[in-house]
Amino acid sequence: MITDPTELARQFDEMFSRLPAFLEQVETTVAGWMGQEFTGTADEERIIATVDAMGSLAYIEVSSLSVRRLDNLSLGDAIVAAVHAAEATAEQAKAQMLGSLSFGGGNLGEFLADGGRRMDDWTR
Amino acid sequence: MRDLRGSEILSLSGGQAGDVAQQVDQAREQLRRVNETMTALAEIEVVGSDETGMITATVSGVGKLRSVYVSPHAVRELDNVMLGEAACQAIHAARAAAGEHLARSLSDATGEEMTDLSTAEFPEDPMAGVRELLQG
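Notes on the structure in this doc start here. Since this is a predicted model, take the numbers as computed values, not measurements.

**Notes on the pattern of salt bridges**
Residues and elements named next belong to chain A. A full pass over the atoms with the stated rule returns 12 salt bridges over all chains. Between Arg 10 and Glu 14 there is a salt bridge, and its shortest N-O distance comes to 2.8 Å. In this pair, Arg 10 and Glu 14 both sit in helix α1 (residues 5-17), four residues apart, roughly one turn of the helix. The exposure class of Glu 14 is partly exposed, given its relative accessible area of 32%.

Below, the structure written as structure tokens:
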């Protein structure tokens, strides 16, 4: 831990001088990521769910073969499985995107996860 | 290093930071209530249906998809494309209902009006404010 105020001030200055470049990197990375869609499948890829970058469900494609070969209950379960798979892929992509944004020796993914843990501890 | 509690800030500052200490304690209490509400909401179930009522989706109070029920009638009446659209519609309806429920529960927990996130619009350029700030 740094205790020298001069050294602390120098490190703050250095960190803040890097801030504009970091924000530009955030903007470019987030803009690229926001336009993406992620899919998840079930029933041997005959049911496909697509979510946007935020994990919001965009659409579900069900093949005619799935409608013929699955009963109504299995069809519902397969739709849920496809949606969950698509959401998991989007979540993974988000974690990767945040992990790629580094600033001040750490990355945004770790920072946000750590922030969440600290908030939980603080309110306990 | 352990985080300070509001009362500790007050004693360390020799009584000069009464307002800050009170605000810190209030914020901590409010966040604790939000956490409790979110935990309770994760346990409840909210349902939504497509416009025909033949497909029903169930989500948790925080919007996690739990199940989709496709009625035998839907399998007979809808083709595969319509079935996919109807399932999507049912899931959206359930999540919208969960969003409204979430906003109401958070308002009750914090005593403040919450935006219904299911209908909230995101700004086109969320970074604009930060850029302006940096450019002076």
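**Concerning the nonpolar core**
By size, the foremost hydrophobic cluster in this structure holds 46 residues, and its most contacted members are Ile47(A), Ile60(A), Ile79(A), Ile55(B), Val68(B) and Ile91(B). Those elements that place two or more of their residues in this core are α2 (19-34), β1 (37-42), β2 (47-52), β3 (57-62) and α4 (72-99) of chain A together with β2 (55-60), β3 (65-70) and α4 (80-110) of chain B. Here the element with the most residues in this core is α4(A); it accounts for 11 residues. When residues no more than four places from it in sequence are discounted, the contact partners of Ile79(A) are Ile47(A), Ile60(A), Val68(B), Val70(B), Leu83(B), Ala87(B) and Ile91(B).

**Describing the sheet that holds β2(A)**
Residues and elements named next belong to chain A. Taken together, the three strands give an open sheet; going across it, the order is β1-β2-β3, and neighbouring strands pair in antiparallel fashion. Of all strands in the sheet, those with a lone pairing partner are β1 and β3, marking the two edges. Geometrically, the sheet is characterised by an average inter-axis angle of 15 degrees between neighbouring strands, direction not taken into account. Inspection of the sheet shows β1 paired to β2 by six bridges, in the antiparallel sense. Its bridge partner lying in β2, Thr 41 is registered against Ile 48.

**Digging into a nonpolar patch on the surface**
Residues and elements named next belong to chain A. A cluster of nonpolar side chains, contributed by Leu 8, Phe 12 and Phe 16, occupies part of the molecular surface with about 290 Å² of accessible area. For Leu 8, the position within the fold is in helix α1. A relative accessible area of 36% places Leu 8 in the partly exposed class.

**Some thoughts on α4(B)**
All names here are of chain B. With 31 residues, α4 should cover 45 Å at 1.5 Å per step; its first-to-last C-alpha distance of 45 Å lies within 8% of that length. Capping the start of α4, Asp 79 holds a side-chain oxygen 3.0 Å from the backbone nitrogen of Val 81, two or three residues further along. At the exit of α4 stands Gly 111, carrying a positive phi of roughly 75 degrees.

**Regarding the side chain of Arg46(A)**
Residue and element names in this part refer to chain A. You can see Arg 46 is positioned in the loop between β1 and β2. Engagement of the side chain of Arg 46 in a polar contact is seen with the side chain of Glu 44, the distance being 3.1 Å. Beyond its immediate stretch of four places on either side in the chain, Arg 46 contacts Glu 61, Val 62, Ser 63, Leu 65, Ser 66 and Arg 69.

**Some points on the environment of Glu44(A)**
Tracing the backbone through its elements, the reader meets Glu44(A) in the loop between β1 and β2. Sequence separation of Glu44(A) and Ala78(A) is 34 residues, and the distance between their C-alpha atoms is 9.8 Å.

**Details of the pairing of β1(A)**
Residues Phe38(A), Gly40(A) and Ala42(A) of β1(A) are buried on one face, while the alternating residues Glu37(A), Thr39(A) and Thr41(A), pointing to the opposite face, are not. Hairpin remark: β1(A) followed by β2(A), antiparallel, with four residues in the connecting loop; positive phi at Asp43(A), about 45 degrees.

**Quick look at the sheet that holds β2(B)**
All names here are of chain B. The antiparallel open sheet is built from three strands, whose spatial order is β1-β2-β3. Two strands close off the open sheet at either side, each with one partner strand: β1 (45-49) and β3. Across the sheet, the axes of successive neighbouring strands diverge by a mean angle of 20 degrees, strand direction being ignored. Strand direction decides the pairing type here: β2 and β3, joined by five bridges, are antiparallel. Within β3, the position partnered with Thr 58 by the bridge is Ser 67. Set on the sheet, α4 makes contact with β1, β2 and β3; between it and β2 the angle comes to about 35 degrees.

Reading the values: the criteria
Per-chain numbering applies: the sequence of each chain, read as written, is numbered from 1 onward. Ligands are numbered from 1 and chains lettered from A, in the order in which they are written. Reporting of local features is limited, given that this is a predicted model, to residues whose pLDDT is at least 70; pairs of side-chain atoms are given and counted only at 80 or more, and all residues count toward the totals for whole chains, interfaces and linings. Remark: hydrogens and water are excluded; side-chain values derive from all non-hydrogen atoms of the structure. Salt bridge, as applied in this entry: a Lys or Arg side-chain nitrogen positioned within 4 Å of an Asp or Glu carboxyl oxygen. Starting at the N terminus, helices and strands are each numbered in turn, a helix being any DSSP run of H or I of at least four residues and a strand any DSSP run of E of at least two. For every residue, the accessible area obtained with a 1.4 Å probe (protein chains only) is divided by the maximum for its type, and the residue is called buried under 20%, exposed over 50%, and partly exposed between those limits. In plain words, nonpolar cores are sets of buried Ala, Val, Leu, Ile, Met, Phe, Trp, Tyr and Cys residues tied together by side-chain atoms within 4.5 Å. Pairs of residues are marked as contacts when any of their non-hydrogen atoms sit within 4.5 Å. Two strands form a pair only when DSSP identifies at least two bridges running between them. Interaxial angles span 0 to 180 degrees and are taken between N-to-C directions of axes, which are lines fitted to C-alpha atoms, for helices over the stretch in contact. Like-charged residues within 9 Å of one another, or nonpolar side chains (Val, Leu, Ile, Met, Phe, Trp, Tyr) within 5 Å, are grouped into patches, provided each residue has over 30% relative accessible area and no salt bridge. What sets the accessible areas is the Shrake-Rupley method with a 1.4 Å probe; for residues, cover comes only from the shown protein chains. Given a helix with a known number of residues, its expected span is that number minus one, times 1.5 Å. Each polar contact in these results corresponds to two N or O atoms within 3.5 Å; when the atoms are within protein, one needs to be able to donate a hydrogen and the other to accept it, and residues that are neighboring in sequence are counted only if both atoms are side-chain atoms.

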